[in-house]
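# Geometric and topological summary
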Amino acid sequence: MFSRISFAKTANMPIDQVTISFLDPYQSSGPLVISPRFDDSLSFLTQWLTAHRSYVESQMLLHGAVLIRGFQINDAPDFEKAIMALQPNLSDSYRGTSPRSVFAGTKYTFSAADVPVNYPIAQHLEMSFLKAPPRELYFGCLKESSSKGGETSLC
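A few points on the structure. (Residues numbered from 1 in each chain as written. Predicted model: local features only at pLDDT ≥ 70, side-chain atom pairs only at ≥ 80, totals over all residues. Heavy atoms only, no water.)

Before going further, it helps to examine the sheet that holds strand β4 (residues 32–36). The strand order across the open sheet formed by three strands is β3-β4-β5, and the pairing between neighbours is mixed. Of all the strands in the sheet, just β3 (18–22) and β5 (66–68) have a single pairing partner and so form its edges. Strand after strand, the sheet turns through a mean of 25° between neighbouring axes, direction not considered. Seen against the sheet, helix α2 (residues 53–63) touches β3, β4 and β5 and runs at an angle of roughly 145° to β4. (Pairing = 2+ DSSP bridges. Helix = DSSP H or I, 4+ residues; strand = E, 2+ residues; numbered from the N terminus. Axes fitted to C-alpha atoms, helices over the stretch in contact; angles between N-to-C directions. Contact = heavy atoms within 4.5 Å.)

What follows is the structure in C-alpha cells.
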C-alpha cells in the first residue's frame, strides 16, 4: 500500500522520485519505507534527502521511524554521507555503555558493540537516561548477520 501523501516539488527534485510505502503493505502505519523508484545511487539519495529533509523529519515524527532501503549504500562512509544529507549536525560525544569503535573513513558511524557474537547484550534504551538524550538515532545494517537474532526493535 502506498501512502496518500500529497507530493511536492522542491528545488527541481520532485518528492515522487522515490517510492514511499509502509513496512507492512496491509497497514498505513508503522515505519515508512523510502526506496528507489528510478535511481538507486548514493548521489541521488543524498540530493533527495537534502531537498526533502523537512518531509522526512515530519514522517519520522508521524510514524516513529523511516526506513531507507534499496539504495547503493555499500559501506560505513556511504551510510554516513546519506545520514549527513538528512542530519548535518550529528554528534559523537557519547557512544553508550557498550564498547564501540568508529568505522574507518567516518567520524560519526560506530559499531553496535565490540563484543563476541555469543556475548549477550541486554536490551538497552539508547541513551534515554541522559539529561539531554538524542532526538534521533540512525541505524544501518551493512552486513547481514550470519547468526540468528540481532534485530533492533522499533517501539
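A few words on the pairing of β3. β3 sits mainly inside the fold: four of its five residues count as buried. Pairing of β3 with β4 involves five bridges; the strand directions are antiparallel. Among the inter-strand pairings, Val18 is bridged to a residue of β4, identified as Pro36. (Buried < 20%, exposed > 50% of the residue type's maximum accessible area, 1.4 Å probe, protein only.)

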